[in-house]
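# Breakdown of the fold
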Amino acid sequence: MGKILYLECNSGISGDMTVGALLDLGADRQVLENALESLGVDGYHLHFGRKVVSGLDAFDFDVHLEEHEHGHEEGHGHEEGHWHEEGHRHEDGHGHEHEHGHEAGHGHEAGHGHPHPHIHRNLHDIYHIIDRLDSNERVKEMARTMFHIVAEAESKAHGLPVEQVHFHEVGAIDSIVDIISVAVCVDNLGVDDVVVSALAEGHGHVHCQHGVLPVPVPATANIASAYGLDLRFTDNDGEMVTPTGAAIAAALRTRDSLPDSCRLLKIGMGAGNRVFRQANVLRAMLMETSHTDAGANDGEMALDGQSMWVMETNLDDCTGEILGFVMELLLEAGAADVWYTPIYMKKNRPAYTLSVLCRREEREKLEEIILIHTTTIGIRQYPVTRTVLAREKMTV
């Protein structure tokens, strides 16, 4: 039997809300604290508690930064790191204050007990911290993926190469803790597959030291666009989906919808801080499928009924050399399968249909390869579901 985690994002999603919901589901707090301790990062302490949100009892998780302590009051939260050159901060719809940039402020470098001015970390530095994590490779890979997704989005938003995108020290601590905590908790719960609902987002703008950003902020919008996340806009004023929250949804999601039937094992709720008309909580549900739905292996969250996409185009003026080359490019870029079917086209010309099987988030880059390297001027796309048997590699 396989376990499915369903994240119901009716009040958006952020890093701390996700950690709270997973702890409320039963993720082991001691395992989490031991994992975070192994990173060798200081300058913060954790808050674990409960609070009532719109009459609902929810888990309240927060990262309190020691040099820039924030009150744990409604409307004030913790800093969540965004990366780019100009320093500014804004407060999101959950009451989390976001630090952008690395120009100002001080922090603690891991392993040192005194502040260093103007410290910032790039993606390589973050990966180095993850490598110190006392956990399995699946957890580390989840964390790397989430950080890469945010760095990619900030890179696009600010016109910088990914390697030039930097974390300011204070904002970095918060995001490191949130993202690694999510990875540790998901693994601890034994989750095989993840489904994410449409992300409820607010409207308007967030005010920053150096100007005003529209909601959703550019990094969040870039992640939603690149990874096919559905946004559902509400009349709430302000940001409800943080870039870290969007990256968590994009990295963890392995299927677009829940199976036709499954058993609900447990419900957890992570609390936000702002007051909305609806309960400001992230609800997480742990479900169990029947044995016919199970089948993940080798660290891949592969289940029966995977949601995939097929892209097709008809080609009657491409040489065999081009067709073979394009197949190689598509498979190297992540296509699950590529094949050609002989057909006849206009005026009874012998031709081929190029078919590509892929995941939703891979469509854009595979589409670009097809349009650049073949003579086609159009591509058909449609969703499909595939059944996958469990698989493993062994030496005989």
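A few points on the structure. (Residues numbered from 1 in each chain as written. Predicted model: local features only at pLDDT ≥ 70, side-chain atom pairs only at ≥ 80, totals over all residues. Heavy atoms only, no water.)

### Considerations on the packing of helix H4 (residues 137–158) against helix H6 (residues 218–227)
Orientation of H4 relative to H6, taken along the N-to-C sense of each, is 115 degrees, at an axis distance of 8 Å. If you check the angle between H4 and H6, you find them roughly perpendicular. In this structure, H4 crosses over H6, and the sense of that crossing is right-handed. Contacts between H4 and H6 involve Ile 149, Val 150, Glu 152, Ala 153, Glu 154, Lys 156 and Ala 157 from the former and Pro 218, Ala 219, Asn 222, Ile 223 and Tyr 227 from the latter. Of the residues that constitute the contact of H4 with H6, the class distribution is eight nonpolar, one polar and three charged. (Axes fitted to C-alpha atoms, helices over the stretch in contact; angles between N-to-C directions. Helix = DSSP H or I, 4+ residues; strand = E, 2+ residues; numbered from the N terminus. Parallel < 35°, antiparallel > 145°, perpendicular 65-115°, else oblique. Left-handed = near helix turned anticlockwise from the far one by under 90°. Contact = heavy atoms within 4.5 Å. Nonpolar A, V, L, I, M, F, W, Y, C, P; charged D, E, K, R; others polar.)

### Description of the pairing of strand E20 (residues 350–358)
Here E20 lies mainly inside the structure; seven of its nine residues are buried. As paired strands, strand E18 (residues 306–315) and E20 are joined by seven bridges and run antiparallel to one another. Across the sheet, residue Val 310 finds its bridge partner in E20, namely Leu 357. Relative to E20, strand E19 (residues 337–344) runs antiparallel, the two being bridged by eight bridges. Pairing of Val 338 across the sheet is with Val 356, part of E20. From the end of E19 to the start of E20, which pair antiparallel, there are five residues, and Lys 347 there has a positive phi angle of about 60 degrees. (Buried < 20%, exposed > 50% of the residue type's maximum accessible area, 1.4 Å probe, protein only. Pairing = 2+ DSSP bridges.)

### Some words on the packing of aromatic side chains
In this structure the tally under the stated criterion is three aromatic pairs. Seen in terms of ring centroids, Phe 48 and Phe 59 are 6.5 Å apart; in terms of plane orientation they differ by 85 degrees. Their pairing is edge-to-face. Of the two residues, Phe 48 sits in strand E2 (residues 44–53) while Phe 59 sits in strand E3 (residues 56–65), which places them 11 residues apart along the sequence. Taking relative accessible area as the criterion, Phe 48 reaches 15% and is therefore assigned buried. (Phe/Tyr/Trp six-rings, centres within 6.5 Å; stacked < 30°, edge-to-face > 60°.)

### Re the environment of Glu 163
Position of Glu 163 relative to the elements: it lies in the loop between H4 and strand E10 (166–168). Spatially, the C-alpha atoms of Glu 163 and Ala 151 are 8.6 Å apart, while their sequence positions differ by 12 residues.

### Observations regarding the sheet that holds strand E21 (residues 380–386)
Pairing within the open sheet is antiparallel, and its four strands lie in the order E19-E20-E18-E21. The open sheet has two edge strands, E19 and E21, and neither has a second partner. Sheet twist, expressed as the mean angle between neighbouring strand axes with direction ignored, is 25 degrees. Note that E18 and E21 share seven bridges and pair antiparallel.

### Considerations on the nonpolar core
For soluble globular proteins, nonpolar side chains are generally found buried alongside one another. By size, the foremost hydrophobic cluster in this structure holds 67 residues, and its most contacted members are Leu 5, Leu 23, Ile 180 and Ile 223. Looking at this core, the element that brings in the most residues is helix H5 (residues 169–188), giving 11 residues. Once you skip the residues sitting within four places of it in the chain, Leu 5 turns out to touch Leu 22, Leu 25, Val 186, Val 191, Asp 193, Val 194, Val 195, Ala 284 and Met 285. (Core = buried A, V, L, I, M, F, W, Y, C linked by side-chain atoms within 4.5 Å.)

### Things to note about the environment of Asn 236
For Asn 236, the position within the fold is in strand E15 (residues 231–237). Owing to a relative accessible area of 7%, Asn 236 belongs among the buried residues under this scheme. Residues Asn 236 and Arg 277, 41 residues apart in the sequence, show an inter-C-alpha distance of 7.9 Å. If sequence neighbours within four positions are ignored, Asn 236 has contacts with Gly 202, His 203, Phe 276, Arg 277 and Gln 278. Polar contacts involving the side chain of Asn 236 include one to the side chain of Gln 278, which spans 3.3 Å. (Polar contact = N/O pair within 3.5 Å; in protein donor to acceptor, adjacent residues only side chain to side chain.)

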